[in-house]
Amino acid sequence: MTGKPFTVHEVLNRSFQRVSEGKEVVYDGYRRMTYKELVDSVEYMASALVALGIQKGDRVIVCLPNWNEFLVIYFSLARLGAILVPCNPRYRTEELVYILENSKATAAFLTGEFGHIDIFASHSSAGGSLNYIFTVRSQQKGHYSFADLIELGKRSPAVPPISIDATEDVFAILYTSGTTGKPKGAMLTHQNVFYSANATIEALQCTDDDVFLVAVPVFHVFGMVPSILSAVLCGARLVFMEQYKAEEALRLIEQEKVTIHHGVPTMFILELNHPNFNQYQLSSLRTGIIAAAPCPEEVVRKIRTQMGCDIVISYGLTETSATLTITSFDDSDSVRSETVGKAVSGAEVKVVDDNRREVKPGEVGELACRSFGVMKGYYGMPEKTKEVIDEEGWFYTGDLATIDENGYVRIVGRKKEMIIRGGYNIYPREIEEMFYKHPSVMEVAIIGLPDSVLGEVSCAVIKLRSGCVEDEESMKAYIKGKVADYKVPDRIVFVEELPVTPSGKIKKVALREMMEEQLKSTLR
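Residues numbered from 1 in each chain as written. Predicted model: local features only at pLDDT ≥ 70, side-chain atom pairs only at ≥ 80, totals over all residues. Heavy atoms only, no water.

Chemist: Explain the layout of surface pockets to me, please; I cannot follow it from the model alone.
Modeler: Regions of empty space are outlined by a rolling probe, equal in size to a water molecule, passed over the atoms. Its volume calculated, the second largest pocket comes out at about 300 Å³. R31, E69, F146, A147 and I150 are, among the 20 residues lining the second largest pocket, the residues nearest its centre. Elements supplying a minimum of two residues to the lining of the second largest pocket: helix 2 (35-51), helix 3 (68-80), strand 6 (132-136) and helix 6 (146-155). When its residues are assigned to classes, the lining of the second largest pocket shows eight nonpolar, six polar and six charged. (1 Å grid on protein atoms, 1.4 Å probe; cavity = no way out; pocket = protein on both sides within 12 Å on 5 of 7 lines; lining within 4 Å. Points joined across faces, edges and corners; volume = space filled by probe spheres on them. Helix = DSSP H or I, 4+ residues; strand = E, 2+ residues; numbered from the N terminus. Nonpolar A, V, L, I, M, F, W, Y, C, P; charged D, E, K, R; others polar.)

Chemist: Whenever I open this one, the sheet that holds strand 25 (residues 455-464) confuses me. Can you help?
Modeler: Picture the strands of a sheet paired through backbone hydrogen bonds; they go either parallel or antiparallel. Spatially, the three strands line up as an open sheet ordered 24-25-26, and their pairing is mixed. Strands with a single pairing partner mark the edges of an open sheet, and in this sheet they are strand 24 (441-451) and strand 26 (491-494). Put simply, the sheet's adjacent strands are angled 25° from each other on average, direction ignored. In this sheet, strand 26 lies alongside strand 25 in parallel orientation, the contact comprising four bridges. Bridge pairing in strand 26 links C459 to R491. Running at roughly 145° to strand 24, helix 14 (residues 428-436) makes contact with strand 24, strand 25 and strand 26 of the sheet. (Pairing = 2+ DSSP bridges. Axes fitted to C-alpha atoms, helices over the stretch in contact; angles between N-to-C directions. Contact = heavy atoms within 4.5 Å.)

Chemist: How should I be thinking about helix 14 in this particular structure?
Modeler: Owing to its 3.6 residues per turn, the α-helix aligns residues three or four sequence positions apart on the same side. Extensive coverage of helix 14 is indicated by the burial of seven of its nine residues. If you check which residues of helix 14 are buried, you get P428, R429, I431, E432, E433, F435 and Y436. (Buried < 20%, exposed > 50% of the residue type's maximum accessible area, 1.4 Å probe, protein only.)

Chemist: When you look at the pattern of salt bridges in this model, what are you seeing that I'm missing?
Modeler: Between side chains of opposite charge, a pair can form when the charged atoms approach closely. One pass over the full model with this rule turns up 32 salt bridges. Residue R370 pairs with E348 through a salt bridge whose shortest N-O separation is 3.0 Å. Residue R370 is found in strand 18 (residues 365-370), and its partner E348 is found in strand 17 (residues 348-352); the two are separated by 22 residues along the sequence. Residue classification places R370 among the partly exposed residues on the basis of a relative accessible area of 27%. By relative accessible area, which is 36% here, E348 ends up partly exposed. (Salt bridge = Lys/Arg side-chain N within 4 Å of Asp/Glu carboxyl O.)

Chemist: When you look at the side chain of R465 in this model, what are you seeing that I'm missing?
Modeler: Its place among the elements puts R465 in the loop between strand 25 and helix 15 (472-479). Lacking a salt bridge, the buried R465 has E298 as its closest oppositely charged neighbour, with an N-O distance of 7.8 Å. When sequence neighbours within four positions are dropped, the list of residues in contact with R465 reads I269, N273, V299, P439, S440, V441 and M442. (Lys, Arg positive; Asp, Glu negative; His and termini not counted.)

Chemist: Explain the packing of helix 2 against helix 6 here, please?
Modeler: Angle between the axes and distance between the axes are the two parameters that describe a pair of packed helices. Here helix 2 crosses helix 6 at 85°, and the two axes come no closer than 7 Å. Taken as axis vectors, helix 2 and helix 6 run roughly perpendicular relative to one another. Facing helix 2, whose interface residues are S41, Y44, M45, S47 and A48, helix 6 presents F146, L149, I150, L152, G153 and K154. Class assignment of the residues belonging to the contact of helix 2 with helix 6 gives a composition of seven nonpolar, three polar and one charged. (Parallel < 35°, antiparallel > 145°, perpendicular 65-115°, else oblique.)

Chemist: Hey, could you run me through the packing of aromatic side chains in this one?
Modeler: Aromatic rings in a pair are described by how distant their centres are and how their planes are angled relative to each other. Inspection of every chain in the model, using the stated rule, returns 12 aromatic pairs. Between F70 and Y74, the ring centres sit 6.1 Å apart and the planes meet at 50°, which makes this aromatic pair tilted. Of this pair, F70 and Y74 both sit in helix 3, four residues apart, which is roughly one turn of the helix. Looking at F70, the relative accessible area reads 1%, which means it is buried. By relative accessible area, which is 0% here, Y74 ends up buried. Grouped by ring-pair contacts, the aromatic residues F70, Y74, F75 and F171 constitute a single cluster. Here the basic side chain of R32 rests over the ring of Y27, its NZ or CZ set 3.7 Å away from the ring centre. For K350, the ring lying beneath its charged end belongs to W394, and the centroid distance is 4.1 Å. (Phe/Tyr/Trp six-rings, centres within 6.5 Å; stacked < 30°, edge-to-face > 60°. Lys NZ or Arg CZ within 6 Å of the ring centre and 35° of its normal.)

Chemist: How do you make sense of the sheet that holds strand 14 (residues 312-317) when you look at a structure like this?
Modeler: Strand order in the open sheet formed by four strands is 13-14-15-16, and the pairing between neighbours is mixed. What marks the edges here is a single partner per strand, and that holds for strand 13 (289-290) and strand 16 (342-343). Packing of helix 7 (residues 190-204) onto the sheet brings it into contact with strand 13, strand 14 and strand 15 (322-326), and relative to strand 15 it is tilted by some 40°.

Chemist: Can you walk me through unusual backbone geometry in this structure?
Modeler: Comment: phi is negative for the bulk of residues other than glycine, and the bulk of peptide bonds are trans. The residue K104 is not glycine, and still its phi comes out positive at about 55°. Relative to the elements of secondary structure, K104 occurs in the loop between helix 4 (93-103) and strand 5 (107-111). Judged by its relative accessible area of 47%, K104 falls in the partly exposed class. The phi dihedral of Q205 falls on the positive side, at around 55°, and the residue is not glycine. Structurally, the position occupied by Q205 is in the loop between helix 7 and strand 10 (211-214).

Chemist: Would you mind going over the nonpolar core with me for this structure?
Modeler: Side chains that are nonpolar tend, in soluble globular proteins, to be buried together. In terms of nonpolar packing, the biggest core is built from 152 residues, with I61, Y74, F75, F109 and F120 touching the most fellow members. Apart from residues no more than four positions distant in its own chain, F120 is found in contact with I61, L96, L100, A108, L110, L130 and I133. Residues I426, V441, I462 and M475 belong to the second largest nonpolar core, which totals 17 residues. (Core = buried A, V, L, I, M, F, W, Y, C linked by side-chain atoms within 4.5 Å.)

Chemist: So what exactly am I meant to see when it comes to the pairing of strand 1 (residues 24-27) here?
Modeler: For a regular strand, side-chain orientation follows a simple rule: the groups alternate between the two sheet faces. By the bridge criterion, three bridges tie strand 1 to strand 2 (residues 32-34) in an arrangement that is antiparallel. The residue of strand 2 that forms the bridge with Y27 is R32.

Chemist: Explain empty space enclosed by the protein here, please?
Modeler: Considering all chains together, one arrives at one cavity of 30 Å³ or more under this definition. Of the voids in this model, the largest cavity is the one considered here, and its volume is about 70 Å³. As for the largest cavity, its lining consists of V264, P265, T266, I269, A293, P294, Y436, M442, E443, G504 and I506. Tallying contributions element by element places helix 10 (residues 265-272) first for the lining of the largest cavity, with three residues. Residue composition of the lining of the largest cavity, grouped by class: eight nonpolar, two polar and one charged.

Chemist: Sorry, what's going on with helix 4 here?
Modeler: Along helix 4, the residues classified as buried are L96, Y98, I99, L100, N102 and S103. K104 lies just past helix 4 and shows a positive phi near 55°.

Pasting the structure below:
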């Protein structure tokens, strides 16, 4: 990264100075908002929050779907130097209370739809850190609504400039999905997210003519950085989807002339296989990012040829502010499907052994990285931070990978997901990628199950495409000869749905628990 990083609020102001006042910044199916309206609303909201005592460094929970109000709050908190703590509106009570207590949030923006207001109100009355509950698209006695805050802001003094250090000051705390233990709050600075958003723009060659379809959740790093911040940084337009539906995505691409479509592989598979696919005009599509899961070569090819979208594959984590590696427009379909590309400009990557010594090209080890996008640390967890970030600034991802002589990174799987079957290492992603090439397979996950003889055996859990019929014998016959015999799954289970996170990742811990329970019941 060259030059001084911008704060998130500077990103909005600089873009606003470049675009016409009447240019639309977001459409969410409910309201269209221009850059001028966004900038004004951000100032009103910031004034209201200051009037109520919210100040720099305060943590503010924002538990909303993909609504235009999220955008206003996102930039208002950045304006004050307050810290955004995004939450999934579908979180259960235990998850919400954990984040509220861990972050020590002083305020929360909530919708009345999911019953969260009562949860937060009871916590507030019990003497917690929470001082204010703000309601969005709902009115509740005793609480300011979003509209109330805008009106309060219009009557309140303008907020003077607030000094924010882009390198040191935290913009957001994003809680990881907590696949192992309690979720950890990754502290992302203004520099972290600016760097990652800028890297995305460079890789996709974005301009202010682009229109981003935001089908991924805005409370996730994929929605917050390569979607929202990248779009605003280049003065582009955003189209929010509150709830993803394949045909609605196709309709919006045609209606809004979408040029950039980010998503997880399943989204594109559902769109390509929709019975009304050919009825929609998708010629506006230019590119987009696929992330969160491997994408079969056949799907990459169809996205490029049938949708006309020059899709690229990216890899990143919450802790790296999303984009860390990405493929290029020059890469073949096979490179795009089998690798996650090269490190973005300014980032370094390496693969290390268990002693954190770098291994040779092509050897499997843990992927480590160093970049301006690497988080400041885990909030309130200095020991956990030290476990993953060393003194030289290298972040150890927990992902197993290889890097070839040309710098292309291939993700093999999570370190903790590696299956050891009778002393042999099995990397789930390698087998999953093989199955994804099968025409009947929609989604697949390889997990390890306990075994009294071998220690662990592998199990393939498969969701088939609609109308396809397969059995354990046909799937084993398909995989044999493609991998070593010990890598052929010992068990193959077919399911209607796989458990997934809001960002589209398969929840392997939950899946393993399901399969172990199923295994126990068959042995009873």
